[in-house]
Amino acid sequence: MKKKTILHSCLAFLTLVSVSQPLFAKEACDFFYKKDAGGISKLEWPLIGKNHGNTRATLKEDKINSENVSNLLPKWTNISENSVAVTSQPTVANGIAYFADLNGNVYAINCETGNTLWQITLPEQTFSTSPILTDKDLFIGNNKMFAIERETGKVRWSKTLSEPNELYIKASTPTFIDGLLIFGIGLDDKADLDSQNHFKGRIVALKASTGKVAWKFYTSVTNDGAENGVAVNSTPAVDKDSGLIFFGTEHNFTTNTSPYSDALLAIHYKTGKIAWSYQFSNNDIHNASMTNRQPGTYSLGISAHPNLFCATLENGIKEEYVGVGDKNGHYKIFTRKQRKDSCIKPIVDLQIDQPASNFGGILATAAVSNGILYIASTAYLDDQQQRLSMDYALKSNDLSELLNRSSVKIMALSIPNLVKNPTPNGIIPRDAILWQTFSDGAINSNHLSIANGILYQTSLTGYLRAIDTLNGKEVWRTYPSIFNNTPSPISSGVTIVNGHIFLGIGTELSPLKPGGAICFTLPKI
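Its location among the elements puts Gln 386 in the loop between strand 26 (372–381) and strand 27 (387–388). Residues in contact with Gln 386, not counting those within four places in the same chain, are Tyr 380 and Leu 381.

The next subject is the pattern of salt bridges. One pass over the full model with this rule turns up 16 salt bridges. Of the charged contacts in the structure, one is a salt bridge between Asp 440 and Arg 477, with a shortest N-O distance of 3.3 Å. Of this pair, Asp 440 sits in strand 29 (residues 433–440) while Arg 477 sits in strand 33 (residues 474–478), placing them 37 residues apart in sequence. As far as burial versus exposure is concerned, Asp 440 and Arg 477 are alike and both buried. Counted as one network, the salt bridges with shared partners bring together Glu 163, Glu 166, Lys 200, Arg 202 and Lys 216.

Through backbone hydrogen bonds, the strands of a sheet pair up, either in parallel or in antiparallel fashion. Within the open sheet, the 4 strands sit side by side as 21-22-23-24. Their pairing is antiparallel. Among the strands making up the open sheet, the edge pair consists of strand 21 (307–312) and strand 24 (348–351). Between one strand axis and the next, the sheet turns through 25° on average, direction left out of account. Where strand 22 (residues 318–325) meets strand 23 (residues 330–335), 5 bridges bridge the pair, whose relative direction is antiparallel. For Val 322, the partnering residue across the bridge sits in strand 23 and is Phe 334.

Glancing now at the pairing of strand 5 (residues 96–100). Of all the 5 residues making up strand 5, 5 are buried; the element is thus mostly covered by neighbouring parts of the structure. Here strand 5 shows a buried face lined by Ile 96, Tyr 98 and Ala 100 and a second buried face lined by Ala 97 and Phe 99. Judged from the 3 bridges that link them, strand 4 (residues 91–93) and strand 5 form a sheet pairing that is antiparallel. Paired with Thr 91 across the two strands is Tyr 98, which belongs to strand 5. Taking the residues between adjacent antiparallel strands as the criterion, strand 4 and strand 5 are bridged by 2 residues, where Asn 94 takes a positive phi near 55°.

This part is about the confidence of the model for the protein chain. Looking at the protein chain, pLDDT values average 86 and 84% of them are 70 or higher. Residue range residues 1–30 is modelled with pLDDT below 50. Its contacts to residues more than four positions away, or to other chains, number 76 contacts.

Here we take up the packing of aromatic side chains. Under the definition given, this model contains 17 aromatic pairs. Relative to Tyr 260, the ring of Phe 217 has its centre 5.3 Å away and its plane inclined at 55°; by these criteria the two rings are tilted. Of this pair, Phe 217 sits in strand 16 (residues 213–218) while Tyr 260 sits in the loop between strand 18 (244–248) and strand 19 (263–268), placing them 43 residues apart in sequence. Note on Phe 217: relative accessible area 10%, which makes it buried. Through pairs of rings, three or more aromatic residues link up here, namely Phe 246, Trp 276, Tyr 278, Phe 280 and Phe 334. Here the basic side chain of Arg 477 rests over the ring of Tyr 463, its NZ or CZ set 4.0 Å away from the ring centre.

This part is about the environment of Asp 440. Judged by relative accessible area, which is 8%, Asp 440 ranks as buried. Considering only alpha carbons, one finds Asp 440 and Ser 459, 19 residues apart in sequence, at a separation of 8.9 Å.

Attention now goes to the sheet that holds strand 18. Strand order in the open sheet formed by 4 strands is 17-18-19-20, and the pairing between neighbours is antiparallel. Edge positions in the open sheet fall to strand 17 (237–239) and strand 20 (274–279), since each of these has one partner strand only. On average, each strand axis in the sheet is inclined to that of its neighbour by 15°, with strand direction left out of account. Sheet analysis places strand 19 next to strand 20, joined by 5 bridges and oriented antiparallel. Bridge assignment links Leu 265 to a residue of strand 20, and that residue is Ser 277.

On to unusual backbone geometry. At Val 230, a position not held by glycine, the phi torsion is positive, near 60°. Mapped onto the secondary structure, Val 230 falls in the loop between strand 16 and strand 17. Residue Gln 385 is not a glycine yet carries a positive backbone phi of 65°. On the secondary structure map, Gln 385 appears in the loop between strand 26 and strand 27.

A few words now on the state of the cysteines. Evaluation of the coordinates by the stated rule reveals 0 disulfides. Unpaired in this structure, Cys 111 has its nearest cysteine sulfur neighbour in Cys 519, at a distance of 6.7 Å. What makes Cys 111 buried here is its relative accessible area of 6%.

Counting 37 residues, the largest nonpolar core has Val 106 and Ile 148 as its most contacted members. Those residues in contact with Ile 148 that lie beyond four places of it in its chain are Val 106, Trp 118, Ile 120, Leu 122, Lys 136, Asp 137, Leu 138, Ile 140, Gly 153, Lys 154, Val 155 and Arg 156. Listed in part, the 30 residues of the second largest apolar core include Trp 45, Ala 97, Tyr 456 and Ile 501.

Attention shifts here to the pairing of strand 7 (residues 116–121). Here 5 bridges tie strand 6 (residues 105–110) to strand 7, and the two strands are oriented antiparallel to one another. Note that in strand 7 the partner of Ile 109 across the bridge is Thr 116. Counted along the chain from strand 6 to the antiparallel partner strand 7, the turn is 5 residues long, and its residue Gly 114 has a positive phi close to 80°.

Mapped onto the elements, Ile 64 comes out in the loop between strand 2 (57–58) and strand 3 (73–77). Among the residues examined, Ile 64 registers a relative accessible area of 0% and is labelled buried. For the pair Ile 64 and Ile 501, spaced 437 residues apart in the sequence, the C-alpha separation amounts to 9.4 Å. Sequence-distant contacts of Ile 64, that is, excluding residues within four places in its chain, are made with Val 69, Leu 72, Asn 452, Ile 454, Tyr 456, Gly 499, His 500, Ile 501 and Leu 522.

Cut-offs used in this document
- Residues numbered from 1 in each chain as written.
- Predicted model: local features only at pLDDT ≥ 70, side-chain atom pairs only at ≥ 80, totals over all residues.
- Heavy atoms only, no water.
- Helix = DSSP H or I, 4+ residues; strand = E, 2+ residues; numbered from the N terminus.
- Contact = heavy atoms within 4.5 Å.
- Salt bridge = Lys/Arg side-chain N within 4 Å of Asp/Glu carboxyl O.
- Buried < 20%, exposed > 50% of the residue type's maximum accessible area, 1.4 Å probe, protein only.
- Pairing = 2+ DSSP bridges.
- Axes fitted to C-alpha atoms, helices over the stretch in contact; angles between N-to-C directions.
- pLDDT = per-residue confidence, 0-100.
- Phe/Tyr/Trp six-rings, centres within 6.5 Å; stacked < 30°, edge-to-face > 60°.
- Lys NZ or Arg CZ within 6 Å of the ring centre and 35° of its normal.
- Disulfide = S-S within 2.5 Å.
- Core = buried A, V, L, I, M, F, W, Y, C linked by side-chain atoms within 4.5 Å.

Written out as structure tokens, the structure reads:
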């Protein structure tokens, strides 16, 4: 596998801050609920966020480490000149990797051999999301939600998700809890103004056994019942102990705004009733007719997936938190149990990076491990290397502009030190910063992943890299796919299972370029 040489890790630079180690902190559990009927706690990486808490960290990997990660080699790939983009992050169970592509194909691949166990094509589907797994089934959605037998690839049921007059809708990657399949409804990038004017953002729960609707919650609610957008593109985090599920939402399409736009929502997952909500940005309005607006001032909603984490502080009290980042460049942390909307506010508000309207800020989901929060963001570098909104890079929708001017920032932050002495106005406490690093590249749905002391990050500019979580130093970088002397873009996050690394190749920004999935592993000695 060739590596791109004109851009490499020498462009990255690292800022280390000397601080004491974080106060004792731990996850309350691995965020798999053992008694869940779906049996997912026994599977290696069944959900896009690894577990119900979207921590994106695996505690069982011990084969790949910071000393040998640079020895990783491609084991297999299904990329060819005729294959299309896989933005879907693979999920893995019982030695089989599952993923989907933008042509509606769903694959089951033997992790060791790369052999296709089955492949099905689902007409009129464009899968940019990931499949999730239970002990017997696979679930994946676009404008329909499908239940597929994991062993055979047979479709068990399908459910149309659109409502009257709706076009170009798509489901977010779902989660599974207590027999319910729960996901958001957003809009495809092809949606025009008429489609936006008839779209009602919502959260849907289906009975996983039959596909029947258990409940719906409309995020687009207004005083007069208008259809005003407020898409839900994020995958929820689940706190079974409190019975809550947490979603992020997007902006309004009309001036008749919803109180649930650009918000973190806490919903009772058994009933679909709202428990509490908090708006990150008020009166955020944008639609297809609005052009030439100031970059970084609109479409500031939440596409990243919420994270759940805990910390046991110096006084011995264990606190439970939910946090998420938005396109406005902020990551906010809340205690999970709240009482009244009027009293709800984040206990921590961190300005990580510059705002970006359609692309940038914090789009990728953060990762959490051992009391440390890892947050990635993207900004545009001007001629003076100042970080600006990524919207400046997208004026021509040219990926080469991203390649030349975009910059990824990753911060490692001590959760206990963040919450013990919160600072105002987005300021990050100095004693909470363990390290921060900057590199070329751009991220969208390139969610971070952690295993055995290594943080994995992919980029739309085509690289996969590994970062030592102890110090933030890059220890490996590769360009998994080269087409016409240009790295193939990557939108997928990374899945790590039993010494194997899985990811998709391709992006919706250039779906016609060859794409597919690839697996890396260490060479046999």
